[in-house]
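A closer look at the structure
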Amino acid sequence: MGWLREEFEALGVPFEDRAARTDAAITAMRRLWSGDPVDVDDGFQTWRSAVSLPTPTRGAVPIVIGGHSDAAARRAGRLGDGFFPGKGDPERLSELVGIMRATAQEEGRDPDVIEVTAAHQGLAGNEPMRAVEELAAIGVTRMIVPTLTTDPAAAHDVYGAFAQRIIGPANS
């Protein structure tokens, strides 16, 4: 959606319309992915008999809503296939996931089908399984693996050990 006013100004696009523009674009793209001719006139774009081919092999392209605001959480609940809050402590992450889930339910959507992606500083700490359990309790279904080394020669061994110690047990 964008948050940097200067980017919008450079394109001559009103910054204040960015939320409505994003919602309209998501709706239009989902309609286009049907493969059928689509007419769209939503105040931001106008298409007549537009067709997008090829169509996505799985029927749609997953839309992941990023952002660490209440508005982003609500958008994820309304329109998203995924939600990536991006940053925040576990307490704030829990609040955002709660907002996303409540919005999904209000919109008649199943919140359990919205994938939640997040990170946790504890994944690189002394008790990474505790961080995994905390994220899982919040409802996170995909976790960001932290940077564990900056040495390319050690990366295979370092991440391999992380996989054995954390990822394997977390998936069982």
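Each remark here, short or long, concerns the structure printed above.
Residues numbered from 1 in each chain as written. Predicted model: local features only at pLDDT ≥ 70, side-chain atom pairs only at ≥ 80, totals over all residues. Heavy atoms only, no water.

Let us now look at a nonpolar patch on the surface. A contiguous nonpolar surface patch, about 230 Å² in accessible area, is contributed by Val 64, Phe 84 and Ile 144. A relative accessible area of 32% means that Phe 84 is categorised as partly exposed. (Patch = residues over 30% accessible without salt bridge, like charges linked within 9 Å, V, L, I, M, F, W, Y side chains within 5 Å. Areas by Shrake-Rupley, 256 points an atom, 1.4 Å probe, with all protein chains shown as cover. Salt bridge = Lys/Arg side-chain N within 4 Å of Asp/Glu carboxyl O. Buried < 20%, exposed > 50% of the residue type's maximum accessible area, 1.4 Å probe, protein only.)

For any pair of aromatic rings, the description consists of the separation of the ring centres together with the inter-plane angle of the planes. This model, assessed by the stated rule, comprises 1 aromatic pair. With 5.4 Å between their ring centres and 85° between their planes, Phe 8 and Phe 15 make a pair best called edge-to-face. Summarising the burial analysis for this pair, Phe 8 and Phe 15 share the class buried. We note Arg 18 situated over the ring of Phe 15; from NZ or CZ to the ring centre the distance is 3.9 Å. (Phe/Tyr/Trp six-rings, centres within 6.5 Å; stacked < 30°, edge-to-face > 60°. Lys NZ or Arg CZ within 6 Å of the ring centre and 35° of its normal.)

In this section: the packing of helix α3 (residues 70-79) against helix α4 (residues 90-106). Across the interface, α3 lies against α4 with an axial gap of 7 Å and an inter-helix angle of 40°. Judged on the interaxial angle alone, α4 and α3 are oblique. The handedness of the crossing between α3 and α4 comes out as right-handed. For the pair α3 and α4, contact is made by Asp 70, Ala 73, Arg 74, Ala 76, Gly 77 and Arg 78 and by Arg 92, Leu 96, Ile 99, Met 100, Thr 103 and Ala 104, respectively. (Axes fitted to C-alpha atoms, helices over the stretch in contact; angles between N-to-C directions. Helix = DSSP H or I, 4+ residues; strand = E, 2+ residues; numbered from the N terminus. Parallel < 35°, antiparallel > 145°, perpendicular 65-115°, else oblique. Left-handed = near helix turned anticlockwise from the far one by under 90°. Contact = heavy atoms within 4.5 Å.)

Limitation: the analysis is restricted to geometry and does not speak to function.
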